[in-house]
Amino acid sequence: MEAFSSFFGETQSSASRNGWSYDSLKNFRQISPLVQTHLKQVYLTLCCALIASAVGAYLHILWNIGGLLTTLGCMGSIVWLLSTPPYEEQQKRVTLLMATALLQGASIGPLIDLAIEIDPSILVSAFVGCAVAFGCFSIAAMLAKRREYLYLGGLLSSGLSILFWLHFASSLFGGSATLFKFELYFGLLVFVGYIVVDTQDIIEKAHFGDLDYVKHALTLFTDFAAVFVRILIIMLKNSEKQQEKKKKRRN
């Protein structure tokens, strides 16, 4: 018993030295009430965007509308939204955000359709895993000290640039399975990092008066979609490998 008590005593003392305790999990005092209200608005808008994205994916399953046109339409909607002045035409910007989410959902509709054909439980597991990861990293960013992770933005931008040039090179010269796997897992790591950095960036901007909840919801929606797609692809690849192993055992 003394060993256990000494172990837990050392753990608690080291946690206190690092400025962490169980009470800190409920400590949002460093976020002002105004910023907390803004975050509620951002995450409510994000939830609506995710619902619109699910509708877009469902429309693809019904009418097979996902493809290049929906991708271009999604990019056009984003440009239109960002070029619209904030605080002046907010209802229009919300509509553009929902249109962006719907078109994004239709664009990844073929991947979702494939997951449903292989195993519908993969789709549910991928969404739940993405939602849990998104929630955990968002809370971690909120509980951390202000601006603690913002320095990672430069590293993540470099990582995103590496992903772009790797994808560009593989499209020109052809890519291998190893390169694809690296892009997949490295991209997942980059966009999970962006969840933390973007959350802290939104909080910091809100502290300085930038309360554009539509733009901030768009930023988080982009992170969520990027993480979800990569988790879904990883799970589909693992499912295919398991099916191949089962076939070999039967033969």
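Residues numbered from 1 in each chain as written. Predicted model: local features only at pLDDT ≥ 70, side-chain atom pairs only at ≥ 80, totals over all residues. Heavy atoms only, no water.

Asks: Teacher, can you tell me more about the overall build of the protein here?
Replies: Within the protein, the secondary structure is distributed over nine helices and zero strands. In the protein, the succession of α and β elements from N to C terminus is α-α-α-α-α-α-α-α-α. Classification of the 251 residues of the protein by burial places 37% in the buried group. Across the protein, the fraction of contacts at a sequence separation of at least 24, relative to all contacts at a separation of at least 6, is 86%. Working note: accessible area of the protein is about 15100 Å², and carbon and sulfur atoms make up 66% of it. (Helix = DSSP H or I, 4+ residues; strand = E, 2+ residues; numbered from the N terminus. Buried < 20%, exposed > 50% of the residue type's maximum accessible area, 1.4 Å probe, protein only. Contact = heavy atoms within 4.5 Å. Areas by Shrake-Rupley, 256 points an atom, 1.4 Å probe, with all protein chains shown as cover.)

Asks: What is the right way to read the nonpolar core from this model?
Replies: Where a protein is soluble and globular, its nonpolar side chains tend to be buried together. Residues Leu39, Val227, Phe228 and Leu232 are the most contacted members of the largest nonpolar core, which totals 53 residues. Contributions of two or more residues to this core are made by α2 (33-63), α4 (90-107), α5 (109-118), α6 (120-143), α7 (152-173), α8 (177-207) and α9 (213-250). Beyond its immediate sequence surroundings of up to four residues, Leu39 is in contact with Ile31, Met142, Ile202 and Ile203. (Core = buried A, V, L, I, M, F, W, Y, C linked by side-chain atoms within 4.5 Å.)

Asks: Would you explain a positive patch on the surface in this entry?
Replies: Side chains of Lys181, Lys237, Lys241, Lys245, Lys246, Lys247, Lys248, Arg249 and Arg250 sit close together on the surface and give a patch of like positive charge. Per element, the largest residue contribution to the positive patch is eight residues, and it comes from α9. One can find Lys248 in helix α9. (Patch = residues over 30% accessible without salt bridge, like charges linked within 9 Å, V, L, I, M, F, W, Y side chains within 5 Å. Salt bridge = Lys/Arg side-chain N within 4 Å of Asp/Glu carboxyl O. Lys, Arg positive; Asp, Glu negative; His and termini not counted. Charge placed at Lys NZ, Arg CZ, Asp CG, Glu CD.)

Asks: Can you help me understand the packing of α2 against α5 in this one?
Replies: Angle between the axes and distance between the axes are the two parameters that describe a pair of packed helices. Between α2 and α5, the least distance of the axes is 9 Å, while the angle of their chain directions is 70 degrees. Between α2 and α5, the angle falls in the class roughly perpendicular. Mapping the contact onto sequence places Ala57, His60 and Ile61 in α2 and Gly109, Pro110, Ile112, Asp113 and Ile116 in α5. Grouping the constituent residues of the contact of α2 with α5 by class yields five nonpolar, two polar and one charged. (Axes fitted to C-alpha atoms, helices over the stretch in contact; angles between N-to-C directions. Parallel < 35°, antiparallel > 145°, perpendicular 65-115°, else oblique. Nonpolar A, V, L, I, M, F, W, Y, C, P; charged D, E, K, R; others polar.)

Asks: What's the story with the side chain of Thr100 in this structure? I'm lost.
Replies: Position of Thr100 among the secondary structure elements: in helix α4. Judged by relative accessible area, Thr100 falls into the buried class, the value being 1%. Among the polar contacts listed, one links the side chain of Thr100 to the backbone oxygen of Leu96, at a separation of 2.8 Å. For Thr100, the contacting residues outside a window of four places in its chain are Cys74, Ser77, Ile78 and Leu218. (Polar contact = N/O pair within 3.5 Å; in protein donor to acceptor, adjacent residues only side chain to side chain.)

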